[in-house]
Amino acid sequence: FPVTIRVHGGAIPVWLEPTVDLKNSIQQAEKLRIAKAVVSLLPENGTVILDAGTTTAQIVPLISDSARLRIITNSPDHAVALMEKENVEIILAGGRVRKGTRACVDQWAIDTFEGIVADLAIIATNGISMARGLTTPEPAEGAVKIAMLAAAKKKIVVADHTKFQQDYFSKFGDVKDIDLIITDQSVDAGAVAQIETTGIKVVRV
């Protein structure tokens with residue numbers, strides 16, 4: 001039997017990819033707290049890569065109106081929401097849009113991140129563990145995340161507690177590849193302790 005993740009109203013197998021609508025319905029308070037912590041770390045002036053995802057979506061409305069940022073995203077939803085921010089320059093990574101996650105993928109999206117240097121990348125993940133690293137169900141999305149990580153000086157992963165000790169089909173990085181993980185207070189203490197032995201900081205909000 002497949003391993004399952006408990007969600008409001010039931011459970012889903014970990015090898016299936018939850019849709020944006022499903023993700024939006026779970027861990028809402030935790031995702032908002034994580035987003036607030038991320039916003040406090042944004043530069044006042046700089047280039048930020050913002051991954052598609054429901055946790056990263058919570059960041060957009062919290063960005064200061066005074067911040068002068070260039071934000072590169074593979075999420076059409078994020079790009080539209082960012083139109084409300086007058087001082088934000090928006091670059092949308094093109095490519096095929098996956099309807100389930102509303103993320104742009106494939107070579108056109110990857111090409112957007114090649115040859116650039118961003119100050120910060122904020123990356124979402126479906127799974128994170130010491131054994132398997134950072135994982136996502138879909139290889140096409142994993143390939144874009146690899147390009148995002150390679151383009152950034154500093155790398156932050158945002159993941160609520162349900163993502164820890166979960167492994168999905170496509171690996172896009174190791175825990176040691178990132179600088180900071182921001183999660184919520186319900187995260188398993190043992191999982192955090194394992195990660196922190198590598199020197200990676202884990203912030204619980």
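You'll find the structure just up there.
In what follows, the accompanying structure is described. (Residues numbered from 1 in each chain as written. Predicted model: local features only at pLDDT ≥ 70, side-chain atom pairs only at ≥ 80, totals over all residues. Heavy atoms only, no water.)

Let's talk about the side chain of Asp-184
And then number 1: With respect to the element layout, Asp-184 can be found in the loop between strand 13 (180-183) and helix 7 (189-196).
And then number 2: Despite its burial, Asp-184 pairs with no opposite charge; the closest candidate is Arg-33, at 5.0 Å N-O.
And then number 3: A polar side-chain atom of Asp-184 sits 2.8 Å from the main-chain amide nitrogen of His-161. (Helix = DSSP H or I, 4+ residues; strand = E, 2+ residues; numbered from the N terminus. Buried < 20%, exposed > 50% of the residue type's maximum accessible area, 1.4 Å probe, protein only. Lys, Arg positive; Asp, Glu negative; His and termini not counted. Salt bridge = Lys/Arg side-chain N within 4 Å of Asp/Glu carboxyl O. Polar contact = N/O pair within 3.5 Å; in protein donor to acceptor, adjacent residues only side chain to side chain.)

Observations regarding the pattern of salt bridges
And then number 1: Going through the model one piece at a time under the given rule, you end up with 11 salt bridges.
And then number 2: The shortest N-O distance in the salt bridge between Glu-89 and Arg-70 comes to 3.5 Å. Here Glu-89, found in strand 5 (residues 88-92), pairs with Arg-70, found in strand 4 (residues 68-73); they are 19 residues apart in sequence, far enough to count as distant.
And then number 3: One salt-bridge network, in which partners are shared between bridges, spans Arg-98, Glu-138 and Glu-141.

Comments concerning the nonpolar core
And then number 1: Formed by 33 residues in total, the largest nonpolar core has its most connected members in Ile-49, Phe-113, Phe-164, Ile-181 and Ile-195.
And then number 2: Sorting the residues of this core by element identifies strand 7 (103-105), helix 5 (107-113), strand 8 (118-124), helix 6 (139-151), strand 11 (152-158) and helix 7 as the ones contributing at least two each.
And then number 3: Considering every element that reaches this core, the biggest residue donor is helix 6, with 6 residues.
And then number 4: Ignoring any residue separated from it by four or fewer positions in sequence, one finds Phe-113 in contact with Ile-49, Ile-72, Ala-93, Val-144, Ala-147, Met-148 and Ala-151. (Core = buried A, V, L, I, M, F, W, Y, C linked by side-chain atoms within 4.5 Å. Contact = heavy atoms within 4.5 Å.)

Examining the packing of aromatic side chains
And then number 1: Applying the stated criterion across every chain, the model contains 0 aromatic pairs.
And then number 2: Over the ring of Phe-172 we find Lys-145, and its NZ or CZ is 5.5 Å from the ring centre. (Phe/Tyr/Trp six-rings, centres within 6.5 Å; stacked < 30°, edge-to-face > 60°. Lys NZ or Arg CZ within 6 Å of the ring centre and 35° of its normal.)

Some points on helix 7
Every α-helix carries 3.6 residues per turn, so stepping three or four residues along brings you back to the same face.
And then number 1: Of the residues making up helix 7, those classed as buried are Ala-191, Val-192 and Ile-195. Down the axis of helix 7, the buried set is contained in an arc of 100°. They therefore lie on one face.
And then number 2: Where the residues of helix 7 are buried, they touch strand 9 (127-129), strand 13 and strand 14 (201-204).
And then number 3: Of the residues that open helix 7, the one with a side-chain oxygen 3.1 Å from the backbone nitrogen of Gly-190 is Asp-188. (Arc of directions from axis to C-beta.)

A short note on unusual backbone geometry
And then number 1: Positive phi, close to 80°, is recorded for Asp-106, a residue that is not glycine.
And then number 2: Tracing the sequence through the fold places Asp-106 in the loop between strand 7 and helix 5.

Quick word on the pairing of strand 14
And then number 1: Strand direction decides the pairing type here: strand 13 and strand 14, joined by 4 bridges, are parallel. Among the inter-strand pairings, Leu-180 is bridged to a residue of strand 14, identified as Lys-201.
And then number 2: Running through helix 7, the crossover from strand 13 to the neighbouring parallel element strand 14 is right-handed. (Pairing = 2+ DSSP bridges. Right-handed = clockwise from strand over helix to strand, strands pointing away.)

Section: helix 6
And then number 1: With 13 residues, helix 6 extends 19 Å between its outermost C-alpha atoms, agreeing within 8% with the 18 Å of an ideal straight helix rising 1.5 Å per residue.
And then number 2: Measuring from the side-chain oxygen of the N-cap residue of helix 6 to the backbone nitrogen of Ala-140 gives 3.1 Å; that N-cap residue is Glu-138. (Expected span 1.5 Å × (residues − 1).)

A look at the sheet that holds strand 8
Sheet strands pair by backbone hydrogen bonding; their relative direction is either parallel or antiparallel.
And then number 1: Reading across from one edge, 5-4-3-8-11-13-14 is the order of the 7 strands in this open sheet, with parallel pairing throughout. Of all strands in the sheet, those bounded by a partner on one side alone are strand 5 and strand 14. Geometrically, the sheet is characterised by an average inter-axis angle of 20° between neighbouring strands, direction not taken into account.
And then number 2: Pairing between strand 3 (residues 45-50) and strand 4: 6 bridges, direction parallel. Paired with Leu-50 across the strands is Thr-73, a residue of strand 4.
And then number 3: Helix 2 (residues 28-39) rests against strand 8, strand 11 and strand 13 of the sheet, and its axis sits at about 145° to strand 13. (Axes fitted to C-alpha atoms, helices over the stretch in contact; angles between N-to-C directions.)

As for the sheet that holds strand 12 (residues 170-173)
And then number 1: Read from one edge of the open sheet, 3 strands run 9-10-12, paired in antiparallel fashion. The sheet is open, and its two edges are formed by strand 9 and strand 12, each paired on a single side. This sheet shows a mean twist of 35° between the axes of neighbouring strands, independent of strand direction.
And then number 2: Looking at chain direction, strand 10 (residues 133-136) and strand 12 are connected through 3 bridges and run antiparallel. Each residue of the ladder has a partner; that of Thr-136, found in strand 12, is Ser-170.

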